[in-house]
Amino acid sequence: GTTTRAASSMTFSHMLAKVAIHIVDETGRVDLNAIATEVLGVLCSVTVDLPHQTVTTIDSEKADIPMLSEMTTDWRVSSYAIVAPQEVAEDTPFFSITLYGNRQTYTVPQTTTLEGGKTYTINMRLTEHGLVPDGWYISDWDKEEEQEIEVES
């Protein structure tokens, strides 16, 4: 028999939300490896319906999620966490940053919906006066790391 191969295209999409925190050390004196970040009190479980490609957040389970951190330069550390889609109410404690054992908690400035497939980026500056929020933005998660995978049948 003959075997034919056809190139196929498959699209994968992110169904959960990503939170990113970038901390820039303006002092040049801090060991950024000593920083730990957490997303606080977020809904942390979902059910997945593969045939219908849907995710449903379970409203009963909340937890603090430690973020994975990586040094991106000598003066910047970036931390990431994957969370279930959900709404975070204004003035709710949303993330914490611990530096040399000193833990600071930060709230969201306005009610925010964490949507699947989106990245929520929070920028922080480490100054002589401590950690200072430096804006936040929302982007499509897929645009950051788009890559093609060849599948043969």
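Above this text sits the structure in question.
Keep in mind that what you see is a predicted model, and the values were worked out from it rather than measured.

Rules behind the numbers
- Residues numbered from 1 in each chain as written.
- Predicted model: local features only at pLDDT ≥ 70, side-chain atom pairs only at ≥ 80, totals over all residues.
- Heavy atoms only, no water.
- Pairing = 2+ DSSP bridges.
- Helix = DSSP H or I, 4+ residues; strand = E, 2+ residues; numbered from the N terminus.
- Axes fitted to C-alpha atoms, helices over the stretch in contact; angles between N-to-C directions.
- Phe/Tyr/Trp six-rings, centres within 6.5 Å; stacked < 30°, edge-to-face > 60°.
- Buried < 20%, exposed > 50% of the residue type's maximum accessible area, 1.4 Å probe, protein only.
- 1 Å grid on protein atoms, 1.4 Å probe; cavity = no way out; pocket = protein on both sides within 12 Å on 5 of 7 lines; lining within 4 Å.
- Points joined across faces, edges and corners; volume = space filled by probe spheres on them.
- Nonpolar A, V, L, I, M, F, W, Y, C, P; charged D, E, K, R; others polar.
- Salt bridge = Lys/Arg side-chain N within 4 Å of Asp/Glu carboxyl O.

**Q** Looking at this structure, I do not really get the sheet that holds strand β7 (residues 76-83). What am I missing?
**A** Either a parallel or an antiparallel arrangement is found when strands of a sheet pair, and the pairing is made through backbone hydrogen bonds. Pairing is mixed across the open sheet formed by 5 strands, whose spatial order is β6-β7-β1-β12-β13. Because the sheet does not close on itself, it has two edges, and the strands there are β6 (68-73) and β13 (130-140). Adjacent strand axes in the sheet meet at a mean angle of 20°, parallel and antiparallel pairs treated alike. Note that strand β1 (residues 17-25) and strand β12 (residues 118-127) share 8 bridges and pair parallel. Residue alanine 20 lies in a different strand from β12, and its bridge partner there is threonine 121.

**Q** Looking at this structure, I do not really get the packing of aromatic side chains. What am I missing?
**A** When we look at a pair of aromatic rings, we describe it by the centre distance and by the angle of the planes. Following the criterion strictly, the structure yields 2 aromatic pairs and no others. When the centroid spacing of 6.4 Å and the interplanar angle of 90° are considered together, the rings of phenylalanine 94 and phenylalanine 95 count as edge-to-face. Here phenylalanine 94 matches phenylalanine 95 in class, with each residue buried. Consider the rings of phenylalanine 95 and tyrosine 106, whose centres lie 5.0 Å apart with planes at 15°: the pair is stacked. In this pair, phenylalanine 95 is assigned in strand β9 (residues 93-99) and tyrosine 106 in strand β10 (residues 102-107), connecting sequence segments 11 residues apart. Classification of phenylalanine 95 as buried rests on a relative accessible area of 5%.

**Q** I'm lost on the sheet that holds strand β5 (residues 62-66) in this one. Help?
**A** With respect to topology, 4 strands assemble into an open sheet ordered β5-β2-β9-β10, the strand pairing being antiparallel. Both edges of this open sheet fall to β5 and β10, since each of them pairs with a single strand only. On average, each strand axis in the sheet is tilted by 20° relative to the strand beside it, whichever way the strands run. Direction of pairing for strand β2 (residues 35-43) relative to β5: antiparallel, over a ladder of 4 bridges. By the bridge assignment for β5, valine 42 is matched with alanine 63.

**Q** When you look at the layout of surface pockets in this model, what are you seeing that I'm missing?
**A** Here the second largest pocket defines a volume of roughly 220 Å³. Along its surface, the second largest pocket is lined by 15 residues, and Phe95, Thr107, Pro109, Ile122 and Trp136 are the ones closest to its centre. Put simply, the parts of the chain that give the lining of the second largest pocket at least two residues each are β9, β10, β11 (112-114), β12 and β13. When residues in the lining of the second largest pocket are grouped by element, the largest group, 4 residues, is from β12. The residue makeup of the lining of the second largest pocket, split by class, is 11 nonpolar, 4 polar and no charged.

**Q** Explanation requested: the pattern of salt bridges in the structure shown.
**A** Note that side chains of opposite charge can pair when their charged atoms are close. The final tally for this structure, using the stated rule, is 5 salt bridges. Arginine 103 is paired through a salt bridge with glutamate 38; the nearest N and O atoms lie 3.5 Å apart. One end of the pair, arginine 103, is in strand β10; the other, glutamate 38, is in strand β2, with 65 residues separating them in the sequence. A residue is classified by how much of its surface remains accessible, and glutamate 38, at 23% relative accessible area, is partly exposed. Taking the shortest distance from any N to any O, the salt bridge between arginine 125 and aspartate 134 comes out at 3.7 Å. Looking at arginine 125, the relative accessible area reads 26%, which means it is partly exposed. When salt bridges that share partners are traced, they join Glu26, Arg125 and Asp134 into one network.

Remember that the coordinates give geometry; whether it matters functionally is a separate question.
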